[in-house]
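A look at the structure
In case you want the letters, here they are:
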Amino acid sequence: MDLGGFRVVRVKFDETCQSSHCLYIKKHVVRVESEATPPDRTLFVLNVPPYCDEDSVQRIFERFGPISAVYLRSKPGNITADERSTEESYFRPAPTAPGFRCGYVVFEDSQHLSRAAKDQYKDVVVLSTDARPIATGVAKWCQDYRLRWPDPALLHRSTSDYLQTHEQRVAQEKASAQETANEADEDGWVTVARGSKKSVSASTLSKTTQLTPKERRRLKKQQQEKELLHFYQFQHRETKREQIAQLRKKFEEDKNKIAELRAARRFRPY
């Protein structure tokens, strides 16, 4: 049965229910395509009841073919990267306000979407069965609470893989920095420096390797100017003379200020 461009799918919670609930489906058509919900493989579902979750919606349409993802939202809109449900997501998002929602069912093939959109759906689909029951009430609350915490084994495996990848990346950046340090500049000169015992952070290495040739020359010039500062003895003498001159100037200014205060009879040392 069709209604306003939507196909009607009748469902009920379990076998004991006397009445059914209607879902409205059609092919997903949008102006701006999303990578998470491609129009040629996505089925748009309306009027999803509050007791339905992603697994319940998948049961209705899995007979038409493999499903890659199911998304439920309080209102239609593009699916962001944070909303994608993957097996590596450890912390579930905060529960949304109870109410009817809309859904996006993404099939693995466009032919499966065509079969799901053209089916007549004559039979009423039972969502909660003995083999695959839907939790409600206190059981639902307890289930949601348990799902809020990540699996320790999965979390440990993921962190170990991340640290291993990070160490490999740091080693590659260090090797790349050592190779670029021995490269000759435009004039053919190679700066040979003694290796430091201090370890260089990965962020410093990554910043150095990402610099353009022009920025590297400017950084090299700044380092040379910093190294040549006060290199000769006359530079030390001139610096000391300037400091002494500034101190004398400050002394004379303070001396004149005290004289003015005495003249105004505002100087009270005690």
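Whatever comes next refers back to the structure up there.
Analysis parameters
Residues numbered from 1 in each chain as written. Predicted model: local features only at pLDDT ≥ 70, side-chain atom pairs only at ≥ 80, totals over all residues. Heavy atoms only, no water. Helix = DSSP H or I, 4+ residues; strand = E, 2+ residues; numbered from the N terminus. Phe/Tyr/Trp six-rings, centres within 6.5 Å; stacked < 30°, edge-to-face > 60°. Polar contact = N/O pair within 3.5 Å; in protein donor to acceptor, adjacent residues only side chain to side chain. Buried < 20%, exposed > 50% of the residue type's maximum accessible area, 1.4 Å probe, protein only. Arc of directions from axis to C-beta. Contact = heavy atoms within 4.5 Å. Patch = residues over 30% accessible without salt bridge, like charges linked within 9 Å, V, L, I, M, F, W, Y side chains within 5 Å. Areas by Shrake-Rupley, 256 points an atom, 1.4 Å probe, with all protein chains shown as cover. Salt bridge = Lys/Arg side-chain N within 4 Å of Asp/Glu carboxyl O. Lys, Arg positive; Asp, Glu negative; His and termini not counted. Charge placed at Lys NZ, Arg CZ, Asp CG, Glu CD.

Side note on unusual backbone geometry
Trans peptide bonds make up most of the peptide bonds, and negative phi angles are found at most residues other than glycine. Positive phi outside glycine occurs at N47, with the angle close to 65 degrees. In the Ramachandran plot, Y121 falls in the positive-phi region, its phi being about 55 degrees despite a non-glycine side chain. Examined against the element boundaries, Y121 turns out to sit in the loop between helix 2 (110–118) and strand 7 (125–126).

Concerning the packing of aromatic side chains
The full count for this structure, using the stated rule, is four aromatic pairs. Taking 5.1 Å as the distance between ring centres and 85 degrees as the angle between the ring planes, the aromatic pair formed by F13 and Y51 counts as edge-to-face. On the criterion of sequence distance, the pair formed by F13 in the loop between strand 2 (6–12) and strand 3 (21–27) and Y51 in the loop between strand 4 (42–48) and helix 1 (54–61) is long-range, its members being 38 residues apart. Members of the aromatic cluster, each reached through a chain of ring pairs, are F61, F64 and Y121.

What to know about the side chain of R73
Structurally, R73 is set in strand 5 (residues 67–73). For R73, the side chain forms a polar contact with the main-chain oxygen of G77, separated by 3.3 Å.

Section: helix 2
Side chains of residues three or four places apart in an α-helix project in the same direction, reflecting 3.6 residues per turn. Along helix 2, the residues classified as buried are H112, L113, A116 and A117. Each buried residue of helix 2 sits inside an arc of 130 degrees when the element is viewed along its axis, so together they form one side. The exposed set on the far side of helix 2, more than 90 degrees from its buried face, consists of Q111 and K118. Its buried side turned inward, helix 2 meets strand 2, strand 3, strand 4 and strand 6 (101–107).

Points about a negative patch on the surface
Judged by side-chain charge, E33, D40, E108 and D109 come together as a negatively charged surface patch. Among the structural elements, E108 can be located in the loop between strand 6 and helix 2.

Here we look at the environment of C52
The residue C52 is located in the loop between strand 4 and helix 1 in this model. Looking at C52, the relative accessible area reads 2%, which means it is buried. Remark: the alpha-carbon pair of C52 and L127, spanning 75 residues in sequence, is separated by 8.3 Å. Not counting the four nearest positions on each side in its chain, C52 is found in contact with L72, R101 and L127.

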